[in-house]
Amino acid sequence: MRGRRRSETVTEVVWGDQRSELLAKLFEVGTYTKKSSLAIVDGFAVEITDDQAEVLRSVKEVRLVEKNQELV
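Residues numbered from 1 in each chain as written. Predicted model: local features only at pLDDT ≥ 70, side-chain atom pairs only at ≥ 80, totals over all residues. Heavy atoms only, no water.

**Some details on a nonpolar patch on the surface**
Definition in use: The patch calculation keeps residues exceeding 30% relative accessible area without a salt bridge and links them within 9 Å when they carry like charges or within 5 Å when they are nonpolar (Val, Leu, Ile, Met, Phe, Trp, Tyr). What sets the accessible areas is the Shrake-Rupley method with a 1.4 Å probe; for residues, cover comes only from the shown protein chains. Counted as salt bridges are all cases of a side-chain nitrogen of Lys or Arg within 4 Å of a carboxyl oxygen of Asp or Glu. Labels follow the DSSP assignment, with helices taken as runs of H or I lasting at least four residues and strands as runs of E lasting at least two, numbered in each case from the N terminus. When accessible area is computed with a 1.4 Å probe and restricted to protein chains, residues below 20% of their type maximum are described as buried, those above 50% as exposed, and intermediate ones as partly exposed.
A grouping of L38, I40 and V41 is seen on the molecular surface, where their side chains present a nonpolar patch of about 330 Å² in accessible area. Position of I40 among the secondary structure elements: in the loop between β1 (33–38) and β2 (43–47). Judged by relative accessible area, which is 83%, I40 ranks as exposed.

Written as structure tokens, this is what we have:
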């Protein structure tokens, strides 16, 4: 696993790459910001527009798109 940080697990690296590929396929570079991969829930956090969220919802491999909510 040359070139990868020691703290990354294989699962995070594999899924992170697939998620990055999905985002790159759907959206132009610079129109979204990937925040994190969440291997424990098989998901990721990304800053996108409402229109981009609708596009992401329409992808058959995507099970759920939720808007982030701040805890008060």
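**Brief notes about the confidence of the model for the protein chain**
Which entries qualify depends on this criterion: Residue-level confidence of the predictor is what pLDDT reports, using numbers from 0 through 100.
Taken over all residues, the pLDDT of the protein chain has a mean of 78, while the share at 70 or more is 74%. Mean pLDDT values over the elements of the protein chain span from 71, in helix α1 (residues 10–26), up to 92, in helix α2 (residues 50–57).

**Re the pattern of salt bridges**
Enumeration according to the criterion identifies four salt bridges in this entry. When the shortest N-O distance is used, the salt bridge between R63 and D42 registers 2.6 Å. Taken together, the residues span a long stretch of sequence, with R63 in the segment after α2 and D42 in the loop between β1 and β2 at a distance of 21 residues. For R63, a relative accessible area of 71% corresponds to the exposed category. In this structure, R57 engages E54 in a salt bridge whose closest nitrogen and oxygen atoms are separated by 2.8 Å.

**So, the environment of T31**
Here is the rule: Each polar contact in these results corresponds to two N or O atoms within 3.5 Å; when the atoms are within protein, one needs to be able to donate a hydrogen and the other to accept it, and residues that are neighboring in sequence are counted only if both atoms are side-chain atoms.
Looking at the secondary structure, you find T31 in the loop between α1 and β1. For T31, a relative accessible area of 35% gives the class partly exposed. For the pair T31 and E47, spaced 16 residues apart in sequence, the C-alpha separation works out to 8.8 Å. There is a polar contact of 2.6 Å between the side chain of T31 and the backbone oxygen of E28. Here Q52 takes part through its side chain, which lies 3.0 Å from a polar atom of the side chain of T31.

**Here's the deal with the pairing of β1**
Which entries qualify depends on this criterion: DSSP-based pairing: two strands are paired if at least 2 bridges between them are found.
Sheet topology places β1 next to β2; five bridges connect them, and they run antiparallel. Counted as the bridge partner of T33 is E47 from β2. In this structure, the hairpin formed by β1 and β2 is closed by a connection of four residues, where D42 is found at a positive phi of approximately 55°.

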